[in-house]
Amino acid sequence: MSQNPDKPHSSEEKLSGLEDGQEESLDNPDQFIRKRIRQSAPGSHRDDTPKSSPPRPVSIEELMETAKGVTNMALAHEIVVNGDFQIRPAELPEHSLEKKVRDIVHKAFWDCLEAQLKEDPPTYDHAIKLLGEIKENLLSFLLPGHTRLRSQITEVLDLDLIKQEAENGALDISKLVEFVIGMMGTLCAPARDEEIKKLKDINEIVPLFRAIFSVLDLMKMDMANFAVSSIRPKLMQQSAEYERKKFQEFLEKQPNSLDLVTRWLQEAADDLAKLRCKMLPPHCSGDGATGGASALCSTAVQNQAYLKLLKWDHVNRPFPETVLMDQTRFQEIQLELEQLLLTGTVLLVTFSAAGPALVDMPGFAEKIKTVVKVLLTGMHLPSFNLQESLATIGEKVCAEVNSCLSQHGFAPFSAERETGLKGQIQAAANPDNTICKLIDSRIEKFLENYLASSHQKSLPAVPGGLGPIQRELEEIAVKYVRLVNYNKMVFSPYYDAVLGKILTKGESQLVGKSEES
């Protein structure tokens, strides 16, 4: 089933310049991607997964090449999707062999430099090489229009002249270093001003050289991060084509790599058909799965599939291949929504119990949200006891309600009303709780409407009862829809191809049943 529904023009060359420097920001990307692929291998979880053509034998070289391609794809994806993406220096483990070897080599180098400078007369071979590296670094920070600065650096750090001065015993290394520090202060980001200031306080030449190179590394990282943030908007389309190309290469080597996607989309189509059949006349209820199939379109099924990712069982079920790189992000959104669901439930029952007195009270809802957020921290850990936390939340909420009522001249809750409110809050631990299910369905409806209208600039109206959590819900929705839209941009040709078969099959079954009847 090796498909290529939309083979893109290669933009690998445009991204390759970024990849080498940016891999430091991902923790062992090769190991991470290979592990995720193994965990979600189509044949490793369920025997009833739909099969396409059997995978052909592949060599170790092909597997390594594929793993590298997936790693590069993950890196390009991270740059586009993660607005906080930054290049960071590689930090070796404290007691690792690599760190010990690096420290020994660095110490030997700087000890050699110090020994040369202490000779009588001093030997400047190492120092001149370092000045040459510093010169190259400073020139690399310049833009084409920085003609004057380029001339200054070239003139002052003229290595031929510096060598002549060293041979004649006329070299003033301190003066050159002073110029370097001043130029670094001119070229660095404002965030590095403090590091530049510290350089001026170092008097010994060898520690000063070491500190200069350390700050130069930070400046190079700042420049690279600025470049990444600047090109991110232009990079999106190129990255989508690049990811699609790399996924196609992976698919050609592993033809069954869309099995989990097929199952995911099939379930979404079945769910949507059943939902739509409920809204049709009673004669459709005999076969809900196919009764609404003829009304389905590819976009609606895809949106339903993305909504299913927010209720995914990440422990027992593998994630679809095309969203695998974003599994962590979808899981984070899922956890945020689960916490927001409980927050919305607590606020709704609290306002219902208190009546109109607290609805418009400034700051009250924010106080309750803060209490709930703090006490629900870690709610997805195995050791977390939701029932106990909700009991504590009930106590805190009642205390806050009584305090606010008293401050504004209202009578505090009676013991009976407090008991009732605490009971309603603790009842939210029950998955079948009516209020929780109501809030959950309205949150899902809001996200569904936002997906359907994601090309419009304005957000859809927030359903009733969600007003107190509107800001948090909209923030999550924006993050979720941005993720979905980029995934569609990359993989929609594959989804359309799979759904073409699913929806055609559903319509054929519907026609067959109509002819039989």
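Residues numbered from 1 in each chain as written. Predicted model: local features only at pLDDT ≥ 70, side-chain atom pairs only at ≥ 80, totals over all residues. Heavy atoms only, no water.

If you look the protein up in an unreviewed UniProt entry, it shows as T-complex protein 11-like protein 1 from Eudyptula minor. Under the UniProt heading Sequence similarities (unreviewed entry), the entry covering the protein gives this text: "Belongs to the TCP11 family." (UniProt positions renumbered as here; feature names shortened; annotations may be inferred.)

Draft legend 1. How the structure looks around the nonpolar core. Ranked by size, the top nonpolar core spans 88 residues in total, and within it Trp 264, Leu 265, Tyr 306, Phe 330, Leu 358, Leu 447 and Tyr 480 carry the most contacts. Ranked by residue count, the leading element in this core is helix α19 (residues 470-516), at 16 residues. With residues up to four places along the chain from it excluded, the contact list for Leu 358 reads Phe 351, Phe 364, Val 401, Cys 404 and Leu 405. Counting residues in hydrophobic clusters, the runner-up holds 40 residues, among them Leu 138, Val 180, Ile 181 and Leu 216. (Core = buried A, V, L, I, M, F, W, Y, C linked by side-chain atoms within 4.5 Å. Buried < 20%, exposed > 50% of the residue type's maximum accessible area, 1.4 Å probe, protein only. Helix = DSSP H or I, 4+ residues; strand = E, 2+ residues; numbered from the N terminus. Contact = heavy atoms within 4.5 Å.)

Draft legend 2. Summary view of helix α16 (residues 386-407). The terminal C-alpha atoms of α16, which comprises 22 residues, lie 31 Å apart, in line with the 32 Å expected from a rise of 1.5 Å per residue. Buried within α16 we find Ser 389, Leu 390, Ile 393, Gly 394, Val 397, Cys 398, Val 401, Asn 402, Cys 404 and Leu 405. Contact partners of the buried residues in α16: α14 (327-354), α15 (364-375) and α17 (415-426). The N-terminus of α16 is capped by Asn 385, whose side-chain oxygen sits 3.2 Å from the backbone nitrogen of Gln 387. (Expected span 1.5 Å × (residues − 1). Polar contact = N/O pair within 3.5 Å; in protein donor to acceptor, adjacent residues only side chain to side chain.)

Draft legend 3. Representation of the packing of aromatic side chains. Following the criterion strictly, the structure yields 14 aromatic pairs and no others. Grouping aromatic residues by their ring pairs yields a cluster made of Phe 247, Phe 250, Trp 264, Tyr 306, Phe 491, Tyr 494 and Tyr 495. (Phe/Tyr/Trp six-rings, centres within 6.5 Å; stacked < 30°, edge-to-face > 60°.)

Draft legend 4. Structural view of the pattern of salt bridges. By the definition in use, this model includes 26 salt bridges. For Arg 317, the salt bridge goes to Glu 267, with nearest N and O atoms at 2.7 Å. One end of the pair, Arg 317, is in the loop between α13 (298-308) and α14; the other, Glu 267, is in helix α11 (residues 259-278), with 50 residues separating them in the sequence. The class for Glu 267 is partly exposed, based on a relative accessible area of 21%. Several salt bridges converge on common partners, so that one network encompasses Arg 263, Glu 267, Asp 271, Lys 308 and Arg 317. (Salt bridge = Lys/Arg side-chain N within 4 Å of Asp/Glu carboxyl O.)

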